[in-house]
Every structure is written in C-alpha cells, then in structure tokens.
Amino acid sequence: MTEVIVPLAQVIVSPDDLDELGWQDQALCAQTDPEAFFPEKGGSTREAKRVCRSCEVRAECLEFALENDERFGIWGGMSERERRRLKRQAVLSHRPAEQAGRLNSYAA
C-alpha cells in the first residue's frame, strides 16, 4: 500500500487508486491553513471558499467529496450542507416527472 495525503487527512490507498487521487498534489488547500477548511460550527467558510475558487482541481475535489460522502469541511468550494443540497437536487432531477410532481405536492 502507498500512503497519500488527502486534503487535511491521511488515508492509505492501493497503488491502483493513485491515479484517481493524483489531483490532490495540485490542491491549493494543501498549502493553506487546515483550520480554514474545517471551521467550528457557525464559523466563517469565506477564506476556504476563496482558496477553492482559485484551485485548478476544484471539480475533482468536489467529486471526491460527493463520492465518498465527506460530511465535514469545505471540499470543492462547498460546505457539507451545500453538498447535501446538490445531491438532493441531483436525485430529484433524475426522477420521473410524475413521481417528482407527487413529491412536490406533499411539500406544498
């Protein structure tokens, strides 16, 4: 097994996974204060999101967070709440129109 540093966390991965995680070497968050990406509840996420906006691997980071159900921190410029909302919207947009209509009528 090979050790790879994930933004602000350490994970052991197999050599087959190295290509998929190569984007992390280019992530700007690895060069920044980790506290900005994991603020206390109610703390500002502004600085982390500013770094993410300039990062060339932002899409890969967000994809990783969504695929791995990351529940904490700023990943790909989004908070956990924003990622949950994005997932929920994706699920709703893939439902048949009739079923989505029923769900919307329950929410009303």
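Position numbers for residues start from 1 in each chain and track the written sequence from start to end. Side-chain atom pairs in this predicted model are given and counted only at pLDDT of 80 or more, local residue features only at pLDDT of at least 70, and totals for whole chains, interfaces and linings cover all residues. As a rule here, side-chain values come from all non-hydrogen atoms in the structure, and water together with hydrogens is ignored.

Some points on the pattern of salt bridges
- By convention in these notes, a salt bridge is any Lys or Arg side-chain nitrogen within 4 Å of a carboxyl oxygen on Asp or Glu. The final tally for this structure, using the stated rule, is five salt bridges.
- In this structure, Glu47 and Arg50 form a salt bridge, with 2.5 Å as the shortest nitrogen-oxygen distance. Taken together, the residues Glu47 and Arg50, both in helix α2 (residues 46-54) and three residues apart, mark about one turn of the helix.
- By relative accessible area, Glu47 is classed as partly exposed at 39%.
- The partner of Asp69 in a salt bridge is Arg71, with the nearest N and O atoms 2.6 Å apart.
- One connected set of salt bridges, linked through shared partners, spans Asp69, Arg71 and Lys87. Every helix listed is a DSSP run of H or I at least four residues long, and every strand listed is a run of E at least two residues long, numbered separately from the N terminus. Throughout, exposure labels follow a simple rule: accessible area from a 1.4 Å probe, protein chains only, divided by the maximum for the residue type, with under 20% read as buried, over 50% as exposed, and the rest as partly exposed.

With respect to the nonpolar core
- To define a nonpolar core, start from buried Ala, Val, Leu, Ile, Met, Phe, Trp, Tyr and Cys residues and group those joined through side-chain atoms within 4.5 Å. Trp23, Phe37, Ala48, Val57, Ile74 and Trp75 are the most contacted members of the largest nonpolar core, which has 15 residues in total.
- Contributing elements (two or more residues each) for this core: α2 and α3 (58-67).

Description of the side chain of Glu80
- Among the secondary structure elements, Glu80 is positioned in helix α4 (residues 80-93).
- Any pair of N or O atoms that falls within 3.5 Å is considered a polar contact. Within protein, one atom must be able to donate a hydrogen and the other to accept it, and sequence-neighbouring residues count only if both atoms are side-chain atoms. Only 2.2 Å separates the side chain of Glu80 from the side chain of Arg84, close enough to count as a polar contact.
- Any two residues whose heavy atoms approach within 4.5 Å at even a single point are treated as in contact. Those residues in contact with Glu80 that sit more than four places away from it in its chain are Glu70, Arg71, Phe72 and Gly73.

Remarks on α2
- When α2 is considered as a whole, its buried residues turn out to be Ala48, Lys49, Val51 and Cys52. All buried residues of α2 project into a common sector of 155 degrees when viewed along the axis, lining one side. Residues of α2 that are exposed and angled more than 90 degrees away from the buried face: Arg46, Arg53 and Ser54.
- Those residues of α2 hidden inside the fold are in contact with α3 and α4. Directions from the helix axis toward the C-beta atoms define the arc.

A word on α3
- Among the residues of α3, Cys61, Leu62, Phe64 and Ala65 are the ones counted as buried. For α3, the buried positions fall inside an angular range of 160 degrees around the axis, keeping them on one side. Exposed side chains of α3 directed beyond 90 degrees from the buried face belong to Ala59 and Glu67.
- Asp69, located one to two residues past α3, shows a positive phi value of around 50 degrees.

As for the confidence of the model for the protein chain
- Each residue carries a pLDDT value, the predictor's own confidence for that position, ranging from 0 to 100. For the protein chain, mean pLDDT is 79; residues scoring 70 or higher make up 68% of the total.
- When the criterion is pLDDT under 50, residues 1-5 qualifies, and its contacts beyond four places in sequence or with other chains add up to 16 contacts.

Side note on the environment of Leu66
- Mapping Leu66 onto the fold places it in helix α3.
- For Leu66, a relative accessible area of 23% translates into the label partly exposed.
- Contacts of Leu66, omitting those with residues within four sequence positions, involve Arg83, Leu86 and Lys87.

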